[in-house]
Amino acid sequence: MNGGDADAHRNHALRNAINAALMSAQVVRRHLELGNCPQALDFLDGVDESCERCRVLIEQL
Amino acid sequence: MQPNMLILDDDRTFARSAGELASQEGFSVHLAHTLRQARESVGCTRMDLMLVDLGLPDGSGMDLIHEIDLTRHGQIAIVTAQPTLESAQRAVSSPAVEYLIKPLHGNQYTSLLHRVLQRTGKGAAPLDCPAVRGLTGRSAAMHSVFRAIQRIGPADASVLLVGESGTGKEVVARALHEASGRQGAFVAINCGAVPAELLASQLFGHERGSFTGAHARHQGVFEQAANGTLFLDEITEMPLALQVYLLRVLETGTVTRVGGVEATATPVRIVAATNRDPLAAIASGRLREDLYYRLADIPLNLPPLRERGDDVLLLAELFIERLNERYGGSKYLLPGSEASLLQHPWPGNVRELRSAVQRAYLLDSGDALQVRPNSVMAPALHESEQAILFKVGMSLSEVERKVLLKTLAHCNHDKTAAARMLGISVRTVHNQLARYAQGSSDGDVAA
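Not measured: the values here are computed from a predicted model. (Residues numbered from 1 in each chain as written. Chains lettered and ligands numbered in written order. Predicted model: local features only at pLDDT ≥ 70, side-chain atom pairs only at ≥ 80, totals over all residues.)

Peer 1: What is the right way to read the overall build of chain B from this model?
Peer 2: A count of helical and extended segments in chain B gives 19 helices and 16 strands. If you take every contact in chain B between residues at least 6 apart in sequence, the share linking residues at least 24 apart comes to 68%. (Helix = DSSP H or I, 4+ residues; strand = E, 2+ residues; numbered from the N terminus. Contact = placed C-beta atoms within 7 Å.)

If you want it as structure tokens, here you go:
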């Protein structure tokens with residue numbers, strides 16, 4: 001993979017990871033508004049996982 | 001009937017979360033992480049909405065879009081982190097295909113879900129409860145209100161609704177009445193809109209000849225609402241002397257008409273409302289403490305629109321839908337305009353939002369509506385306790401009337417204080433009020 005391809009690949013992966021984090025955060029918020037703490041915690045794992053993907057990708061920059 | 005939705009995305013975290021939100025909105029969600037799984041789902045189920053990622057382990061989501069019969073399914077949204085010319089061209093070539101680029105911003109996704117629910121008409125009611133007809137909301141704050149209505153509706157307890165102007169106090173009062181199962185009528189009166197001199201007659205009725213202009217016996221709202229619900233709006237605007245009499249009526253359960261001697265039993269459920277802080281109103285002498293405790297068996301706070309999250313979008317879409325029904329249109333909220341609606345503080349609450357939607361509907365030429373808040377366009381057009389709105393062309397007598405009534409309310413209906421503030425004599429105040437009262441008995445003032 002040349003430099004340009006690697007950048008495009010990283011950009012693609014980063015967009016996906018941020019998207020997943022944002023969507024999971026929306027679900028967490030919705031569950032917290034409804035007082036469903038166990039479900040909120042469940043989807044908070046998704047936020048964690050997506051943010052971790054972002055961290056790894058950013059460190060590769 | 002639940003609308004069906006396919007989410008095709010190999011990012012499992014995103015797909016699961018997007019599916020959860022869609023389920024909460026009433027969709028039956030089919031998750032697929034590969035093309036093969038997606039083909040199986042669309043082969044046996046008609047989808048009202050398909051969220052399709054392009055880069056998949058076994059091909060491109062575009063392959064699926066090429067394969068399927070678009071007329072058999074509903075909306076398709078390509079959601080990609082790698083936008084290409086081909087996929088974008090494909091999207092614009094069909095009105096059934098939308099093109100969204102990851103990361104999705106703000107409420108782009110929930111707005112898409114709402115639009116599909118609106119078009120299909122398959123969306124589940126926000127809450128399946130006949131008692132809350134006329135109330136719409138999915139926010140936690142409104143769910144608390146819905147639950148309270150269901151719990152306290154059938155009780156006889158008095159309810160005091162506290163909320164800003166435009167938060168739906170009368171709608172909630174009606175919902176409480178419907179939930180009560182009472183056979184009598186729902187009757188509403190705005191205690192701040194009726195001149196003090198007339199209020200006693202409006203509330204309790206009067207006998208013929210009891211005062212000048214009382215040509216016939218009049219039944220007050222207490223009697224009109226017998227076995228039903230009486231809604232006393234703006235209760236803190238009621239003169240203190242009348243509050244004493246109201247308390248007595250509530251304690252005894254009987255009403256004596258103005259100028260009468262006979263007490264009539266009035267089995268009425270009271271729902272009162274105020275847009276002031278009731279405890280502050282007690283402290284400032286606007287509301288009697290003993291009346292407050294009698295009215296507020298159950299105090300119920302109504303949230304302002306700015307604290308209701310996505311309800312702003314839900315309500316905006318609902319108002320557009322109603323206008324589409326009325327005018328036979330197919331207008332919709334301009335995609336991307338959600339953020340400005342969510343950021344606006346909506347000081348006029350739902351009333352302001354409805355007005356802004358209606359204005360956009362009637363004035364915007366296209367189908368995509370850009371809803372602009374009223375208070376952004378006209379920040380000065382706002383009446384408050386300290387301000388009066390005068391319109392060009394308003395008659396001088398109406399200006400005078402507004403100034404006098406507002407100043408009287410400001411002075412807790414102390415005519416001497418109001419006269420001093422206005423630089424007129426107390427006799428002039430009395431004369432003017434008598435004139436308004438006469439005009440009202442001729443049908444000038446609505447109760």
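Peer 1: How should I be thinking about the environment of Leu369 of chain B in this particular structure?
Peer 2: Residues and elements named next belong to chain B. Within the fold, Leu369 resides in strand β16 (residues 368-369). With 36 residues separating them in the primary sequence, Leu369 and Leu333 have C-alpha atoms 4.9 Å apart. When near neighbours in sequence (up to four residues on either side) are disregarded, Leu369 contacts Ile320, Lys331, Tyr332, Leu333, Leu334, Ala360, Tyr361 and Asp364.

Peer 1: Please clarify how the sheet that holds strand β9 (residues 186-190) of chain B should be interpreted in this entry.
Peer 2: Strand pairing in a sheet relies on backbone hydrogen bonds, with the paired strands running either antiparallel or parallel. Residues and elements named next belong to chain B. The strand order across the open sheet formed by 5 strands is β9-β10-β13-β8-β14, and the pairing between neighbours is parallel. Edge positions in the open sheet fall to β9 and β14 (298-301), since each of these has one partner strand only. Within this sheet the neighbouring strands show an average axis-to-axis angle of 20°, counted without direction. As paired elements, β9 and strand β10 (residues 229-233) share 5 bridges and run parallel to each other. Counted as the bridge partner of Phe186 is Thr229 from β10. (Pairing = 2+ DSSP bridges. Axes fitted to C-alpha atoms, helices over the stretch in contact; angles between N-to-C directions.)

Peer 1: Please explain the nonpolar core as it appears in this structure.
Peer 2: Soluble, globular proteins show a tendency: their nonpolar side chains are buried together. Leu161, Val172 and Leu230 of chain B are the most contacted members of the largest nonpolar core, which totals 50 residues. In terms of residue count, the dominant contributor to this core is helix α8 (residues 196-204) of chain B (6 residues). Not counting the four nearest positions on each side in its chain, Leu230 of chain B is found in contact with Val187, Val221, Phe222, Ala225, Val268 and Ile270 of chain B. One finds Met23 of chain A together with Ala77, Tyr109 and Val116 of chain B within the second-largest nonpolar core, a separate group that totals 43 residues. (Core = buried A, V, L, I, M, F, W, Y, C linked by C-beta atoms within 7 Å. Buried ≥ 20, exposed ≤ 12 C-beta atoms within 10 Å, placed from the backbone.)

Peer 1: Help me understand the interface of chain A and chain B in this model?
Peer 2: The figure often quoted for interface size is the accessible area lost as the parts come together. Contact with chain A, which involves 19 residues of that partner, is made by 18 residues of chain B. When residues of the side of chain A that touches chain B are assigned to their parent elements, the largest contribution, 13 residues, is made by helix α1 (residues 3-33) of chain A. Grouping the amino acids of the side of chain A that touches chain B by side-chain chemistry returns 7 nonpolar, 8 polar and 4 charged. (Nonpolar A, V, L, I, M, F, W, Y, C, P; charged D, E, K, R; others polar.)

Peer 1: Is there a simple way to explain the sheet that holds strand β3 (residues 49-52) of chain B in this structure?
Peer 2: Residue and element names in this part refer to chain B. Spatially, β2-β1-β3-β6-β7 is the arrangement adopted by the 5 strands of the open sheet, whose pairing is parallel. Bordering the open sheet on either side are β2 (28-32) and β7 (97-101), each of which pairs with just one other strand. Looking at each pair of strands side by side, their axes are set apart by 15° on average, direction ignored. Here strand β1 (residues 4-8) runs beside β2; their pairing, made up of 5 bridges, is parallel. Across the sheet, residue Leu6 finds its bridge partner in β2, namely His30.

Peer 1: Teacher, can you tell me more about unusual backbone geometry here?
Peer 2: Generally, phi is negative for residues other than glycine and the peptide bonds are trans, each holding for most cases. Residues and elements named next belong to chain B. For the bond running from Lys102 to Pro103, omega is 0°, close enough to zero to count as cis. The residue Pro103 is located in the loop between β7 and α5 (108-120) in this model. At Glu234, a position not held by glycine, the phi torsion is positive, near 50°. Residue Trp346 is not a glycine yet carries a positive backbone phi of 45°. Looking at where Trp346 falls in the secondary structure, it is placed in the loop between α14 (338-343) and α15 (349-363).

Peer 1: Teacher, can you tell me more about the confidence of the model for chain B here?
Peer 2: Detail in the predicted coordinates should be disregarded across regions flagged by low pLDDT. Residue and element names in this part refer to chain B. A residue-level look at chain B finds 88% of positions with pLDDT of 70 or above and a mean pLDDT of 83. Element-level mean pLDDT values for chain B span from 52 in helix α16 (residues 374-377) up to 95 in β1. The model gives residues 376-381 a pLDDT under 50, and that stretch makes 3 contacts with residues more than four places away or in other chains. Predicted confidence is poor over residues 441-447, with pLDDT under 50, and the contacts of this stretch with residues over four places away or in other chains come to 11 contacts. Per the prediction output, this complex has pTM 0.53; the corresponding ipTM is 0.95. (pLDDT = per-residue confidence, 0-100.)

Peer 1: Sorry if this is basic, but what is going on with the packing of helix α17 (residues 396-410) of chain B against helix α18 (residues 415-422) of chain B here?
Peer 2: When two helices pack together, you describe them by how their axes are tilted relative to each other and by the distance separating the axes. All names here are of chain B. Where α17 contacts α18, the two axes come as close as 9 Å, and the packing angle between them is 125°. Relative to α18, the element α17 lies oblique. Considering the relative orientation of α17 and α18, their crossing is right-handed. Mapping the contact onto sequence places Leu404, Thr407 and Leu408 in α17 and Lys415, Ala418, Met421 and Leu422 in α18. Considered class by class, the residues forming the contact of α17 with α18 number 5 nonpolar, 1 polar and 1 charged. (Parallel < 35°, antiparallel > 145°, perpendicular 65-115°, else oblique. Left-handed = near helix turned anticlockwise from the far one by under 90°.)

Peer 1: How should the packing of helix α13 (residues 311-327) of chain B against α15 of chain B be read in this particular structure?
Peer 2: Residue and element names in this part refer to chain B. Here α13 crosses α15 at 45°, and the two axes come no closer than 10 Å. In terms of their interaxial angle, α13 and α15 are classed as oblique. Judged by the twist between their axes, the crossing of α13 over α15 is right-handed. Across the interface between the two elements, Val312, Leu315, Ala316, Phe319, Ile320 and Leu323 from α13 touch Val350, Leu353, Arg354, Val357, Gln358 and Tyr361 from α15. Residue composition of the contact of α13 with α15, grouped by class: 10 nonpolar, 1 polar and 1 charged.

Peer 1: Would you mind showing me how to read helix α6 (residues 140-152) of chain B here?
Peer 2: Note that an α-helix has 3.6 residues per turn; residues three or four places apart therefore point the same way. Residues and elements named next belong to chain B. Taking 1.5 Å of rise per residue, 13 residues should cover 18 Å, and α6 covers 18 Å from first to last C-alpha, within 8% of that figure. For α6, every residue scored as buried is listed here: Met142, Val145 and Ile149. Along the long axis of α6, the arc covered by the buried residues comes to 55°, so they all point the same way. Contacts from the buried residues of α6 go to α7 (169-180) and α13. (Expected span 1.5 Å × (residues − 1). Arc of directions from axis to C-beta.)

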